[in-house]
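# Reading the structure
This is what each chain is made of:
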Amino acid sequence: MVGEWLQRVGSSIPRGFSRYFILELLTTKPYTGKEIIDAATQQSDGKWKPSPGLIYPLLGRLLDEGLIEESKDGKYQITKKGKDTSDDLQTVNKIIKNQLDVLLRIGNVGRFATMDVLERMNMLGSSLGSNVIKMTKEETQKYRKFLESELKKLDASEGKQGKEIKID
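All chains use their own residue numbering, which begins from 1 and follows the written sequence. With the structure being a predicted model, the display of local features is reserved for residues of pLDDT at least 70 and the display and counting of side-chain atom pairs for 80 or more, all residues being used for whole-chain, interface and lining totals. Only hydrogens and water are removed before side-chain values are computed, so all heavy atoms of the structure are retained for them.

### Side note on the nonpolar core
By nonpolar core we mean a set of buried residues, namely Ala, Val, Leu, Ile, Met, Phe, Trp, Tyr and Cys, connected to one another through side-chain atoms within 4.5 Å. Buried, partly exposed and exposed residues are distinguished by accessible area as a fraction of the type maximum, computed with a 1.4 Å probe on protein chains only: under 20%, between the cut-offs, and over 50%, respectively. One finds Ile22, Leu26, Ile36, Leu59, Leu62 and Ile68 to be the most contacted residues of the largest nonpolar core, which totals 19 residues. Helical segments are the DSSP runs of H or I of at least four residues, strand segments are the runs of E of at least two, and each set is numbered from the N terminus. At 5 residues, the largest contribution of residues to this core is made by helix α2 (residues 17-26). Any two residues having at least one pair of non-hydrogen atoms within 4.5 Å are treated as being in contact. Each residue touching isoleucine 36, except ones within four places of it in the same chain, is listed here: Phe21, Ile22, Leu25, Leu26, Tyr31, Ile55 and Leu59. Ranked by size, the runner-up nonpolar core spans 6 residues in total, among them Ile95, Ile96, Tyr143 and Leu151.

### What to know about the side chain of serine 86
Residue placement: serine 86 occurs in helix α5 (residues 80-104). The class of serine 86 is buried, set by a relative accessible area of 4%. A distance of 3.3 Å separates polar atoms of two side chains, one belonging to serine 86 and the other to glutamate 24. Once residues lying within four places of it in the same chain are set aside, the contact partners of serine 86 are Glu24, Thr27 and Ile78. Any pair of nitrogen or oxygen atoms within 3.5 Å is treated as a polar contact; in protein, a donor-acceptor pairing is required on top of that, and neighbouring residues in sequence qualify only through side-chain atoms on both sides.

### A closer look at the packing of aromatic side chains
Any pair of Phe, Tyr and Trp rings, taking the six-membered ring for Trp, is counted once the centres come within 6.5 Å. Such a pair is stacked with planes under 30 degrees apart, edge-to-face with planes over 60 apart, and tilted for the rest. Following the criterion strictly, the structure yields 1 aromatic pair and no others. Their ring planes at 85 degrees and their centres at 5.4 Å tell us that phenylalanine 21 and tryptophan 48 sit as a pair that is edge-to-face. Of this pair, phenylalanine 21 sits in helix α2 while tryptophan 48 sits in the loop between α3 (33-43) and α4 (52-64), and the two are 27 residues apart along the sequence. Across the pair, tryptophan 48 and phenylalanine 21 agree in class, each one buried.

### Remarks on the side chain of threonine 85
Residue position: threonine 85 is located in helix α5. Of the polar contacts made by the side chain of threonine 85, one reaches the backbone oxygen of lysine 81; its length is 3.0 Å.

### Let's talk about the pattern of salt bridges
The working definition used for a salt bridge is a side-chain nitrogen of Lys or Arg within 4 Å of a carboxyl oxygen of Asp or Glu. Overall, the coordinates contain 5 salt bridges when judged by the stated rule. Measuring nitrogen to oxygen at the nearest pair gives 2.9 Å for the salt bridge that ties lysine 34 to aspartate 38. Here the residue lysine 34 and the residue aspartate 38 both occupy positions in helix α3, the gap between them amounting to 4 residues, near one helical turn.

### A word on the packing of α2 against α4
Convention adopted: a line fitted to C-alpha atoms gives each axis, helices being fitted over their contacting stretch, and angles between N-to-C directions are expressed from 0 to 180 degrees. Relative to each other, α2 and α4 sit at 70 degrees, their axes nearing to 11 Å. In terms of axis orientation, α2 runs roughly perpendicular to α4. The interaxial crossing formed by α2 with α4 has right-handed handedness. Residue-level inspection shows Ser18, Arg19, Ile22 and Leu23 of α2 in contact with α4, the latter providing Leu54, Ile55, Leu58, Leu59 and Leu62. Among the residues forming the contact of α2 with α4, the class breakdown is 7 nonpolar, 1 polar and 1 charged. Small angles under 35 degrees read as roughly parallel and large ones over 145 as roughly antiparallel, with 65 to 115 read as roughly perpendicular and the rest as oblique. We call a crossing left-handed when the near helix sits turned anticlockwise from the far one by less than a right angle, and right-handed when that turn is clockwise. Note on residue classes: Ala, Val, Leu, Ile, Met, Phe, Trp, Tyr, Cys and Pro are nonpolar, Asp, Glu, Lys and Arg are charged, and everything else, Gly too, is polar.

From the geometry alone we can't say anything about function, so treat these as descriptive.
This is the structure:
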């Protein structure tokens, strides 16, 4: 069921994904706008080809936010602030992945809960993505602590066995 869901939404790019894709890509080396489009197309096996109308305005916003900078040769590179943001996003991604792994291991109910969590995380990720640049260091730390405490709760309940529920 989860596999079917992923196939159904796999071709849709979630709101805010392009921003994270660019930041993550630029952690490896500088790219031009066209090279970013080409990398997205190649990495998605042609399923996603972002338009210049998406990429260049987004690059402008990332420049304005100080997350990237443009070099004299027209390539964009990530700044320290951008790298810190990317690292924070990876930490959140790891926490979410761990939580989803636990949910997937608990059977059908876990699958339904996982789908619900994925929908909620997509909404949260979009909201967080648009506001992360505005968050203070203290707010970011508070949010990180919250996510880590939720992960600990899931880890603690992992060993407890509930009654298996069959849903057809």
